[in-house]
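Close look at the chain arrangement
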Amino acid sequence: MAKAPAKNAQTNAPDKIPNTPTASKEDLLRFYREMVLIRRFEERAGQLYGMGLIGGFCHLYIGQEAVAVGVQESVKQGHDKIITGYRDHGHMLAAGMDPKEVMAELTGRIGGSSKGKGGSMHMFDVPTGFYGGHGIVGAQVALGTGLAFAGKYRGDDSVAFVYFGDGASNQGQVYESFNMAQLWKLPAIYIIENNQYAMGTSIDRSSSTTELYMRGASFGIPGEQVDGMDVLAVRDATARAVKRAREGGGPYILEVKTYRYRGHSMSDPAKYRTKEEVDEVKKTRDPIDHIKLLLAAANATEEELKVIDNEIKAIVAESVQFAQESPEPDPSELYTDVYVEA
Amino acid sequence: MTDILMPALSPTMEEGTLTKWHIKAGDSVSAGQVIAEIETDKATMEVEAVDEGEVLEILVPEGSENVKVNTPIARLAGEDGAAAPAPKADVPAATAEGKTGDPEKAPQQTSTPKVELRDPEIPADAKLVKTTVRDALRDAMAEEMRRDDRVFLIGEEVAQYQGAYKVSRELLQEFGERRVVDTPITEHGFAGLGVGAAMSGLKPIVEFMTFNFAMQAIDHIINSAAKTLYMSGGQIRADIVFRGPNGAASRVGAQHSQDYSAWYAQVPGLKVIAPYDAADAKGLLKAAIRDPNPIVFLEHEMLYGTEFDVPEVDDYVLPIGKAKVRREGKDVTITAHARMVGFALQAAEKLAEEGIEAEVIDLRTLRPLDHETIVESVKKTNRLVSAEEGWGPMGVGAEVVARVIEHAFDYLDAPPLRVHQEDVPLPYAANLEALSLPGVDKIIAAVKQVVA
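Computed from a predicted model, the values in this text were never measured in an experiment.

1. Digging into the pattern of salt bridges
All names here are of chain B. Under the defined criterion, the tally for this structure stands at 56 salt bridges over all chains. For the salt bridge of Lys 24 with Asp 27, the shortest nitrogen-to-oxygen distance reads 3.4 Å. Looking at Asp 27, the relative accessible area reads 22%, which means it is partly exposed. Lys 127 is the salt-bridge partner of Glu 312, the closest N and O atoms lying 4.0 Å from each other. With Glu 312 in the loop between β16 (307-311) and β17 (324-327) and Lys 127 in the loop between β8 (72-78) and β9 (128-132), the pair connects residues that are 185 residues apart, well separated along the chain. Here the two residues Glu 312 and Lys 127 agree in accessibility, since each one is exposed. Among the ionic contacts, a cluster of salt bridges with common partners joins Glu 143, Glu 144, Arg 147, Lys 282, Lys 286, Arg 290 and Asp 315.

This is the structure we're talking about:
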């Protein structure tokens, strides 16, 4: 049976703030644009994978777009830090990385953000504050806690946005990190993207407690559950957590209930869930359909959306062309970037 | 009558300072009573009486330094002469480590071995100051922390406790808790936190209480620190030093006694340093902190208390990746790193008495390995023995031998030999531990075999 993401946010936060999201038409159009960019980009990435242009592992973000886009609204670009796991394309696009560089990294070309040496799971971009792209499940939680530590060490008011999934939430280092983050009141926002499947293992089969927003309770870290298919709910919950962190309140956990439409990776036929379950979420909970309803209510016209759709189509087509035309790295690149020359 | 003996208060303690007596002749003491304070190489400890009775005599006055473990320090009259006699120093079961007729450990490096060659990096007119390896490491960190606010120290017991091995002594007092950070016992977590802070532009020094515990953190050392520069196409660096004691301590058993030299030295992206003396410890740790790459800096607990000459110069920084010829010789080349350098030098002195002149090369850096210095030496001596404390298979010696065969095959007059720990987890029993660890005798035996 479909485990639709929670509609009603639950919280163990000290003070419940009523969540009555509103947004201007302008903001809604921006969110729509960013979410459609991620979806169209990922669809084309899946297609290029099928054509053999992208190799190895490729984990698509389709279905989860509202999470990265909603969180990004609280990011001060160039000041805050973002880190995530291997399902990272959506976060990179939301952070503002150039889709051409992301797609060219997927195809392993010199024009890629890591010169083709990182691949799908290993991309970084200092100007947008994107610190990867990490392939070891859970590693980004300790690393992200270090990004938060560095912010506090410098005495700026930067915040680290640390994304991980329901699967990573069972890793030991997550709790080592929670402990230090709360002990030292580090400005870390832990965003658990609960898409309900750790690869092929559903959360019920992997987790003794499935209320992941409570996972910081034994450390005294407050958390709340957020509807990850509603970009405004994500935006507002993140904004509250970030305000608290910037004011020295310490870490916060956002369990964002979401759903991935595709398999874990391109080679996953997703036999562990029914087609009906996936279809039900697509039909009733799709984050882009949701924002379309909000846009209609805000009097956005079909023509306005069409303009955005066409613009995104062009951007993605351009990224695909770039990713195919950019040459493979020169063989001399094999030996560069192993060490920084002192 | 019962003698109270100078107790060993840590696995590696061989002597200590009797700082204070709480009893005097004529007092009567009861079991559990605090009778004295003793300063070891790591801490000041209270000593409690085990036996009861009247104090007949204080044998070692307070303030005495370098009192050897098992020296009688006071004498009790047993109550009615019936108190159980204290264990005697000549009973093997109760002796301090390494004293049971152990040929390998008998020549403990409590004093500086004769080092034949002055380091060319040391200015000829520099004053040399006797310094322990422990203090040299501390001085290196303090100097670099004064120089660069981005440098901070993080690890277990580094701050308030002053370092589990006192290596961070007084750093908290000078730099405060922002820059000297005590962590929970959480190696995986704080190593990852350190790498994240490094990615963000800070220069953390992550102390592992021992590298045995870094096994919990090795994913971050390798996957997060060593590979990130490459995976990011040069955008993100992990400018970090992982340091702490590595290798066998003394009688602490298999899980606390492993040499990880070969493990880390295999990984591209890391630099791996393993110094022997205090001058190298200082000069190379300063270099490691300044180097923009992730560095694994392997110290040796058994050397922390050993004094060596350290040049008194303003900013003593040594190049990473350069071996050092510590003794010149024409008959055989012995390569070694860390504690094995001392054993190799002692072996060379004994061999010289028999007319065999060994050249001793201190590798100092394991990655990048300075094979040019080794190859040049072998071209002269035509014979090679490598010595390491770790296991032999796939080890540092295996790499040294392979490089020599690759670059100087035609110069070899005998098959090279490797000296290393026996291929077993390190045992606890004193005799088995001594049999397992490589030392002077095994180096001498190997040299005699290659020169035969």
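2. Overview of the interface of chain A and chain B
Contacts between the two partners involve 39 residues from chain A and, on the opposite side, 48 residues from chain B. On the chain A side of the contact with chain B, A:Tyr153, A:Tyr339 and A:Val340 bury the most area, a combined 23% of that side's loss. For the interface between chain A and chain B, the tally reads zero salt bridges. Put simply, chain A and chain B have 19 residue pairs in polar contact (both at pLDDT 80 or more) between them. The set of elements that each furnish at least two residues to the side of chain A that touches chain B consists of α5 (139-154) and α6 (172-183) of chain A. Take the side of chain A that touches chain B: its biggest share by element is 10 residues, from α5(A). Classifying every residue of the side of chain A that touches chain B by side-chain character gives 20 nonpolar, 10 polar and nine charged.

3. Remarks on the environment of B:Phe213
Residue and element names in this part refer to chain B. By the element assignment, Phe 213 lies in the loop between β12 (203-207) and α4 (218-226). Considering only alpha carbons, one finds Phe 213 and Gly 233, 20 residues apart in sequence, at a separation of 31 Å. In this structure Phe 213 touches Glu 187 and His 256, once residues within four positions along its chain are discounted.

4. Notes on the packing of aromatic side chains
In the structure shown here, the tally under the stated rule is 20 aromatic pairs over all chains. Judged by centre distance (5.0 Å) and plane angle (40 degrees), the rings of A:Tyr153 and B:Phe152 are tilted. Pair noted here: A:Tyr153 is in helix α5 and B:Phe152 is in strand β10 (residues 151-155), and the two residues belong to different chains. Given a relative accessible area of 6%, A:Tyr153 falls into the buried group. Looking at B:Phe152, the relative accessible area reads 0%, which means it is buried. Ring plane angle 10 degrees and centroid distance 6.1 Å describe the contact between B:Phe208 and B:Phe242, whose orientation is recorded as stacked. With B:Phe208 in the loop between β12 and α4 and B:Phe242 in strand β13 (residues 241-245), this residue pair connects regions lying 34 residues apart in the sequence. B:Phe242 sits in the buried class, given a relative accessible area of 0%.

5. A closer look at the UniProt feature "coiled-coil region" (unreviewed entry) in chain A
According to UniProt, the feature "coiled-coil region" (unreviewed entry) maps to residues 291-318 of chain A in the numbering used here. This span, residues 291-318 of chain A, is 86% helix and 0% strand, and a straight line between its end C-alpha atoms measures 26 Å.

6. Description of the side chain of B:Glu207
All names here are of chain B. If you trace the backbone, Glu 207 turns up in strand β12. By relative accessible area, which is 4% here, Glu 207 ends up buried. Engagement of the side chain of Glu 207 in a polar contact is seen with the side chain of Arg 243, the distance being 2.7 Å. Ignoring any residue separated from it by four or fewer positions in sequence, one finds Glu 207 in contact with Leu 153, Ile 154, Gly 155, Glu 156, Val 158, Phe 190 and Arg 243.

How each quantity is defined
Residues numbered from 1 in each chain as written. Chains lettered and ligands numbered in written order. Predicted model: local features only at pLDDT ≥ 70, side-chain atom pairs only at ≥ 80, totals over all residues. Heavy atoms only, no water. Salt bridge = Lys/Arg side-chain N within 4 Å of Asp/Glu carboxyl O. Buried < 20%, exposed > 50% of the residue type's maximum accessible area, 1.4 Å probe, protein only. Helix = DSSP H or I, 4+ residues; strand = E, 2+ residues; numbered from the N terminus. Contact = heavy atoms within 4.5 Å. Buried area = accessible area lost by both parts, 1.4 Å probe. Polar contact = N/O pair within 3.5 Å; in protein donor to acceptor, adjacent residues only side chain to side chain. Nonpolar A, V, L, I, M, F, W, Y, C, P; charged D, E, K, R; others polar. Phe/Tyr/Trp six-rings, centres within 6.5 Å; stacked < 30°, edge-to-face > 60°. UniProt positions renumbered as here; feature names shortened; annotations may be inferred.

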